[in-house]
Amino acid sequence: MADGEKGVSMLLAEERAELCRIGRQMAAGGLVVGSAGNISVRSGDLVAVTPGGMMLDRMSPEDCPVLDMSGRPVEGRRAPSSETPMHLAVYEESGASAVVHTHSTYGAVVASTMTELPPIHYTTLLLGGVVRVAEYATYGTAELAANVRKALEGGRRAALMANHGGVTLGGDLDEAYENARLLEWLCGVYVRAKMIGEPRILTEEELAKAAERGLRPPEYPRREA
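Residues numbered from 1 in each chain as written. Predicted model: local features only at pLDDT ≥ 70, side-chain atom pairs only at ≥ 80, totals over all residues. Heavy atoms only, no water.

1. A short note on helix 5 (residues 173-196)
Here helix 5 is 24 residues long and its end C-alpha atoms lie 35 Å apart, about the 34 Å a rise of 1.5 Å per residue gives. Where helix 5 starts, the residue carrying a side-chain oxygen 3.3 Å from the main-chain nitrogen of Asp-174 turns out to be Asp-172. (Helix = DSSP H or I, 4+ residues; strand = E, 2+ residues; numbered from the N terminus. Expected span 1.5 Å × (residues − 1). Polar contact = N/O pair within 3.5 Å; in protein donor to acceptor, adjacent residues only side chain to side chain.)

2. Points about the side chain of Ser-81
With respect to the helices, strands and loops of the structure, Ser-81 is situated in the loop between strand 4 (73-75) and helix 2 (84-93). Using a relative accessible area of 7% as the deciding quantity, one classes Ser-81 as buried. There is a polar contact of 3.1 Å between the side chain of Ser-81 and the side chain of Asn-38. At 3.0 Å, the side chain of Ser-81 and the backbone nitrogen of Glu-83 are in polar contact. With near-sequence residues (within four places) excluded, Ser-81 lies in contact with Asn-38, Val-49, Thr-50, Pro-51 and Gly-52. (Buried < 20%, exposed > 50% of the residue type's maximum accessible area, 1.4 Å probe, protein only. Contact = heavy atoms within 4.5 Å.)

3. Describing the packing of aromatic side chains
Scanning all chains against the criterion turns up zero aromatic pairs. Positioned above the aromatic ring of Tyr-220, the side-chain terminus of Arg-157 is 3.7 Å from the ring centre. (Phe/Tyr/Trp six-rings, centres within 6.5 Å; stacked < 30°, edge-to-face > 60°. Lys NZ or Arg CZ within 6 Å of the ring centre and 35° of its normal.)

4. Overview of the packing of helix 1 (residues 13-28) against helix 5
Running from N to C, helix 1 and helix 5 point in directions that differ by 20°, and their axes come no closer than 10 Å. The pairing of helix 1 with helix 5 is recorded here as roughly parallel in orientation. Relative to helix 5, helix 1 is oriented so that their crossing is right-handed. On helix 5, the residues touching Glu-15, Glu-18, Leu-19, Arg-21, Ile-22, Gln-25 and Met-26 of helix 1 are Leu-173, Asp-174 and Tyr-177. Residues of the contact of helix 1 with helix 5, tallied by class, amount to five nonpolar, one polar and four charged. (Axes fitted to C-alpha atoms, helices over the stretch in contact; angles between N-to-C directions. Parallel < 35°, antiparallel > 145°, perpendicular 65-115°, else oblique. Left-handed = near helix turned anticlockwise from the far one by under 90°. Nonpolar A, V, L, I, M, F, W, Y, C, P; charged D, E, K, R; others polar.)

5. Digging into the confidence of the model for the protein
Per-chain confidence: the protein averages 94 in pLDDT, with 95% of residues scoring 70 or above. In the predicted structure, residues 1-7 sits below a pLDDT of 50 and forms seven contacts with residues beyond four places in sequence or in another chain. (pLDDT = per-residue confidence, 0-100.)

6. Focus on helix 1
Between its first and last C-alpha, helix 1 extends 23 Å over 16 residues, near the 22 Å set by a 1.5 Å rise per residue. Within two residues after helix 1, Gly-30 carries a phi angle of roughly 75°, on the positive side.

7. Observations regarding the pairing of strand 5 (residues 98-102)
Taking burial as the measure, the five residues of strand 5 include five buried ones, the bulk of the element. The side-chain alternation of strand 5 yields two buried faces, one formed by Ala-98, Val-100 and Thr-102 and the other by Val-99 and His-101. In terms of strand pairing, strand 1 (residues 38-43) meets strand 5 through four bridges, oriented antiparallel. Within strand 5, the residue paired with Asn-38 across the bridge is His-101. When strand 5 meets strand 9 (residues 165-170), the two strands line up antiparallel, connected through five bridges. Among the inter-strand pairings, Ala-98 is bridged to a residue of strand 9, identified as Gly-170. (Pairing = 2+ DSSP bridges.)

8. Points about the nonpolar core
Ranked by internal contacts, the top residues of the largest apolar core, which has 21 residues, are Leu-19, Met-26, Ile-39 and Leu-173. Counting only elements with at least two residues in this core, the list comes to helix 1, strand 1, strand 5 and helix 5. Once residues within four sequence positions are removed from consideration, Met-26 is found in contact with Leu-31, Val-32, Ile-39, Leu-56, Val-100, His-101, Thr-102 and Tyr-177. Ranked by size, the runner-up nonpolar core spans 20 residues in total, among them Ala-89, Leu-144, Ala-159 and Met-161. (Core = buried A, V, L, I, M, F, W, Y, C linked by side-chain atoms within 4.5 Å.)

9. Quick notes on unusual backbone geometry
Despite not being glycine, Leu-12 has its phi angle at roughly 50°, a positive value. Mapped onto the elements of the fold, Leu-12 is located in the segment before helix 1. Leu-12 sits in the buried class, given a relative accessible area of 13%. Non-glycine residue Asn-163 carries a positive phi angle of around 55°.

Here it is as C-alpha cells:
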C-alpha cells in the first residue's frame, strides 16, 4: 500500500496490528534493545514481518510488510527485517504460525558460552526439549537460517543462536511471545544458579516423568489447505 492511501484495506491487517502489540511488549520486557529483534506471523501463504531498522515499540501496522513464502514483497512501504530468511526457513520446517526473535540479556549470555541450555527446570519441556544453540553465522544470511532450522529439529519450539540471541515459535504470536519469555527465564535461572554453585541438571528420566504428567507444548493448529 502506497504512503498516503486512505480507506484502502490492508492485507493481514489484524496480524500486522498484532506485530505492533507484541513488539511493544517485547521492548517493555527487555527482550529486545533498540531496533534489534524481529517478529513474524504467517497466515496461509503470506507472512507479515516487522520492518528492518525500526524499534519494535514504535511501529504502526502500515510499517510491517507482507511477503509471500518465497520472500517476495506483496504489500508494505518498508523493507522487511534482515532476518526474514530465518523466519521463512522456520515456517518451511515447522507447523508454526508465528516466530519471535529476541536479543535478551540472559539468552545472549548462554548463547555466547554454551552449546545448549541445560534442563535446569522441567518447564524446558514446554519448549519441546533441551534448547540447542545454533552454530554462529552472520545475521540475515542463508547460513544462519539453515543453522537455526537444524537447531529446531525434533519439534523444538526454541533455539539460541551463538553469540546472537534467541528464536521461539508458536501456534500464534501470543504463544511465540510467551515461549520467548520462558526461554529468557530459563536462561536467567541457569546463569544465576552458576553464580552460587554448579546447578543440578534434570536427568532424562526426570524429564520423562514430567512429560508423562502432560507437560509438553501444545500442538500447532492445522492450517487450511
